[in-house]
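This is what each chain is made of:
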Amino acid sequence: QVQLVESGGGLVQSGCSLRLACAASGLTFSIYNMGWFRQAPGKEREFVAAFLRNGITTLYADSVQGRFTISRDNAKNMVYLQMNSLKPEDTAAYCCAATTGLRVRFPERYNYWGQGTQVTVSS
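Residues numbered from 1 in each chain as written. Predicted model: local features only at pLDDT ≥ 70, side-chain atom pairs only at ≥ 80, totals over all residues. Heavy atoms only, no water.

## Some details on the state of the cysteines
How we decide: Note on terminology: disulfide denotes any pair of cysteine sulfur atoms within 2.5 Å. Counting from the N terminus, the helices are the DSSP runs of H or I reaching at least four residues and the strands are the DSSP runs of E reaching at least two.
On inspection of all chains with the given rule, the structure shows one disulfide. A sulfur-sulfur distance of 1.9 Å marks the disulfide that ties C22 to C96. Its S-S torsion of approximately 45° makes the covalent link between C22 and C96 right-handed. In this pair, C22 sits in strand 3 (residues 18-25) while C96 sits in strand 9 (residues 92-99), placing the two residues 74 residues apart along the sequence.

## Considerations on the nonpolar core
Put simply, the test is: Among the buried residues, those of types Ala, Val, Leu, Ile, Met, Phe, Trp, Tyr and Cys that are joined through side-chain atoms within 4.5 Å form a nonpolar core. Accessibility here uses a 1.4 Å probe with only protein chains present; expressed as a share of the type maximum, an area under 20% marks a residue as buried, one over 50% as exposed, and anything in between as partly exposed. We call two residues in contact whenever any of their non-hydrogen atoms come within 4.5 Å of each other.
Within the largest apolar cluster, 37 residues are counted, with the highest numbers of intra-cluster contacts made by W36, L81, M83 and Y94. Put simply, the parts of the chain that give this core at least two residues each are strand 3, strand 4 (33-39), strand 5 (46-51), strand 7 (68-73), strand 8 (78-83), strand 9 and strand 11 (117-122). When residues no more than four places from it in sequence are discounted, the contact partners of M83 are C16, S17, L18, L20, R67, F68, Y94 and V119.

## Points about the pattern of salt bridges
Threshold: For this document, the term salt bridge refers to a Lys or Arg side-chain nitrogen within 4 Å of an Asp or Glu carboxyl oxygen.
Per the counting criterion, the structure on display carries three salt bridges. Linking E46 and R38 is a salt bridge whose minimum nitrogen-to-oxygen distance equals 2.8 Å. On the basis of relative accessibility, which here comes to 31%, the residue E46 falls in the partly exposed class. Salt bridges sharing common partners tie together R38, E46, R67 and D90.

## Side note on the packing of aromatic side chains
Threshold: Note on aromatic pairs: the rings of Phe, Tyr and Trp (six-membered ring only in Trp) are paired at centre separations within 6.5 Å, and the planes decide the class, stacked below 30 degrees, edge-to-face beyond 60, tilted for the rest.
A complete count under the given rule lists five aromatic pairs for this structure. Summarising the aromatic geometry, the rings of F37 and F47 are spaced 5.7 Å apart at their centres and angled 75° between planes, so their arrangement reads as edge-to-face. Of this pair, F37 sits in strand 4 while F47 sits in strand 5, and the two are ten residues apart along the sequence. A relative accessible area of 1% means that F37 is categorised as buried. Ring centres of Y110 and W113 lie 5.7 Å apart, and the angle between their planes is 50°; this geometry places the pair in the tilted category.

## Some thoughts on unusual backbone geometry
Even without being glycine, N77 reaches a positive phi, approximately 55°. Residue placement: N77 occurs in the loop between strand 7 and strand 8. On the accessibility criterion, N77 (21% relative accessible area) is partly exposed. Phi at S85 is positive, roughly 50°, even though this residue is not glycine. Position of S85 among the secondary structure elements: in the loop between strand 8 and strand 9. We classify S85 as partly exposed; its relative accessible area is 40%.

Function cannot be read off these values alone, since they describe shape.
Here it is, written out as structure tokens:
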């Protein structure tokens, strides 16, 4: 049974940092492209970042480029999202997801999803 479990969310002030973590189990982690998505109330799910299974390529949404950093540890089956210089517009539920496909910016391409962790940024 595949499980993705996120942690690290919370309430922070604008300009602060948070580090999200996603623990994966029940899958061959190294063959999956891993992504982070977020969804704010009343809005569609939005791509945030992805780390491809080649261990090299990372992709980011324009809105987080330069502020967020995705990383992965295949030995621990973990993926992380370091979020710096947080803004109120970053407030959302953040989910990690796994896909064997290459269209990593599209949520419908993902095979597995975590339950999410809430990030709230106050101004």
